[in-house]
Amino acid sequence: SMGGLRACQAGGGRVFSGGLFGPLASVVGEAGVLLGLRSRQPHQVHHARTWAASARPDEHGQDSESKQNRRFAQERKKVHGLGRLSAKVGKPEIDVCRLEAVPRGTTNKYDVKRLRAQGLVPAVLMPIRDTQGVGTIHLSLKDAEIERLLRRHTSEYAKSRLIRLVVPEGAGDHFRGWTDTEGEREGERVCHAIIRSFSFHPVTSQCLNVSLQRCPPGHAVKVRVPVSIIGQDACPALKRNGYLYPVRPFVDCVVSSDDIPASIEYDVSKMNIGNSVRIRDLEFQDSITRLLGKSTDPAETLYKMIKL
């Protein structure tokens, strides 16, 4: 088959593409391909024949590169299945912040272990600060939905997203007084919350537990918003073997639950080695009403550019 490929390359018109030897070279190329078809798979045979046919000189005696490239692109879609990617483009984006809440009435560790084996993650929903006397409720979340959320947003970024807990019909008694609005389907109720913490298995990285806090619309909530870095491709310090070391890459603040920012962006395209990103360098959204803790210091360092 290697000899057939060499003959195909020699006869494809790249060396003897025009003149008297053009048609003879194309015939030799097809013969070289057919000699190696016995050891090929069916899709490789089809691809090799198409390659030999597309390598023939056109009616003017020269190869048409544009036609050849179009044929190669079409055959790659047919042979390798890349045409299936076009079907995924038109699909609507999945709302990863919509989680189905399943009532959980037990806290026994053996029952919790059985829940994890069924593909559920035990979770706890805590009330807002002004209703601490209500207590907490126990529920379960689907493991597949948690993994989908963490694939879209990391654990730190997921903590700054508003989560919509969908309570199915028939579970309203367990979540009585906790739901805020009606769901999309009839009989569904929605409880808005934010994620406070994740617990992961140290070996398998499986999510073991999730702690949430209720966040009804129109309330002020304490959130740790991460700082997102942009402009790394144009940063001169990174081109000179620099490294942006994260010192404290987040901001503790109070925001409105109606508009929680996913992150605070900072452009590092003009940073040099030795420069730092501080609180005073950030531009905050209007929904951030107050800073908390160390974030109140304008000189607090978030990132520092060092040389490796």
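Residues numbered from 1 in each chain as written. Predicted model: local features only at pLDDT ≥ 70, side-chain atom pairs only at ≥ 80, totals over all residues. Heavy atoms only, no water.

Trainee: Would you mind going over the sheet that holds strand 9 (residues 220–230) with me for this structure?
Mentor: Whether parallel or antiparallel, the strands of a sheet pair through hydrogen bonds between backbone atoms. Strand order across the open sheet formed by four strands is 12-9-11-14, with mixed pairing between neighbours. Edge strands, defined here as strands with exactly one partner in the open sheet, are strand 12 (264–267) and strand 14 (288–291). The mean angle between the axes of side-by-side strands here comes to 40°, regardless of whether they run parallel or antiparallel. Direction of pairing for strand 11 (residues 250–256) relative to strand 14: antiparallel, over a ladder of three bridges. Looking at the pairing, V254 lines up with R290 of strand 14. (Pairing = 2+ DSSP bridges. Helix = DSSP H or I, 4+ residues; strand = E, 2+ residues; numbered from the N terminus. Axes fitted to C-alpha atoms, helices over the stretch in contact; angles between N-to-C directions.)

Trainee: Would you mind going over the nonpolar core with me for this structure?
Mentor: Grouped burial of nonpolar side chains is what soluble globular proteins tend to show. Counting 26 residues, the largest nonpolar core has L125, L139, L141, I163, L165, V210 and L212 as the members making the most contacts within it. Taken together, the elements giving at least two residues each to this core come down to strand 3 (120–126), strand 4 (137–142), helix 7 (143–152), strand 5 (162–167), strand 7 (189–200) and strand 8 (207–214). Of the residues forming this core, the biggest block, four residues, is contributed by strand 7. Filtering out sequence-adjacent residues up to four positions away, L125 remains in contact with T136, I137, L139, L165, W178, C191, A193, L212, Q213 and R214. Residues I194, V223, L244 and Y303 belong to the second largest nonpolar core, which totals 25 residues. (Core = buried A, V, L, I, M, F, W, Y, C linked by side-chain atoms within 4.5 Å. Buried < 20%, exposed > 50% of the residue type's maximum accessible area, 1.4 Å probe, protein only. Contact = heavy atoms within 4.5 Å.)

Trainee: When you look at helix 7 in this model, what are you seeing that I'm missing?
Mentor: The α-helix advances 3.6 residues per turn, and as a result positions three or four apart in sequence lie on the same side. If you check which residues of helix 7 are buried, you get D143, E145, I146 and L149. On an axial view of helix 7, the arc spanned by its buried residues comes to 165°, and they lie on one face. For helix 7, exposure combined with an orientation more than 90 degrees from the buried face picks out A144 and R151. (Arc of directions from axis to C-beta.)

Trainee: Would you explain the pattern of salt bridges in this entry?
Mentor: Once the charged atoms of two side chains with opposite charge are near each other, the side chains can pair. For the structure shown, the criterion picks out eight salt bridges. Between E188 and R98 there is a salt bridge; the shortest N-O distance is 3.8 Å. A residue pair is termed long-range when its members are at least 10 positions apart, and E188 in the loop between strand 6 (181–182) and strand 7 and R98 in strand 1 (residues 98–100) qualify at 90 residues. Judged by relative accessible area, which is 11%, E188 ranks as buried. (Salt bridge = Lys/Arg side-chain N within 4 Å of Asp/Glu carboxyl O.)

Trainee: Sorry if this is basic, but what is going on with the side chain of S287 here?
Mentor: In this fold, S287 is placed in the loop between strand 13 (276–278) and strand 14. For S287, the side chain forms a polar contact with the main-chain oxygen of D259, separated by 2.9 Å. Contact partners of S287, with chain neighbours within four places excluded, come to V254, V255, S256, D259 and P261. (Polar contact = N/O pair within 3.5 Å; in protein donor to acceptor, adjacent residues only side chain to side chain.)

Trainee: Explanation requested: the environment of R104 in the structure shown.
Mentor: With respect to the helices and strands, the residue R104 is situated in the loop between strand 2 (102–103) and helix 6 (109–117). Judged by its relative accessible area of 8%, R104 falls in the buried class. Between the C-alpha atoms of R104 and P122, which are 18 residues apart in sequence, the distance is 7.9 Å. Beyond its immediate sequence surroundings of up to four residues, R104 is in contact with V112, L115, P122, A123, V124, H138, L139, S140 and H174.

Trainee: Looking at this model, I keep getting lost on the pairing of strand 4. Mind explaining?
Mentor: A regular strand carries its side chains on alternate faces of the sheet. As paired elements, strand 2 and strand 4 share two bridges and run antiparallel to each other. From the neighbouring strand, P103 faces strand 4, where its bridge partner is L139. Both strand 3 and strand 4 contribute to a ladder of six bridges, which runs antiparallel. For V124, the partnering residue across the bridge sits in strand 4 and is H138.

Trainee: What am I meant to see in the side chain of S295 here?
Mentor: Relative to the helices and strands, S295 is located in the loop between strand 14 and strand 15 (301–307). Of the polar contacts made by the side chain of S295, one reaches the side chain of R248; its length is 3.4 Å.

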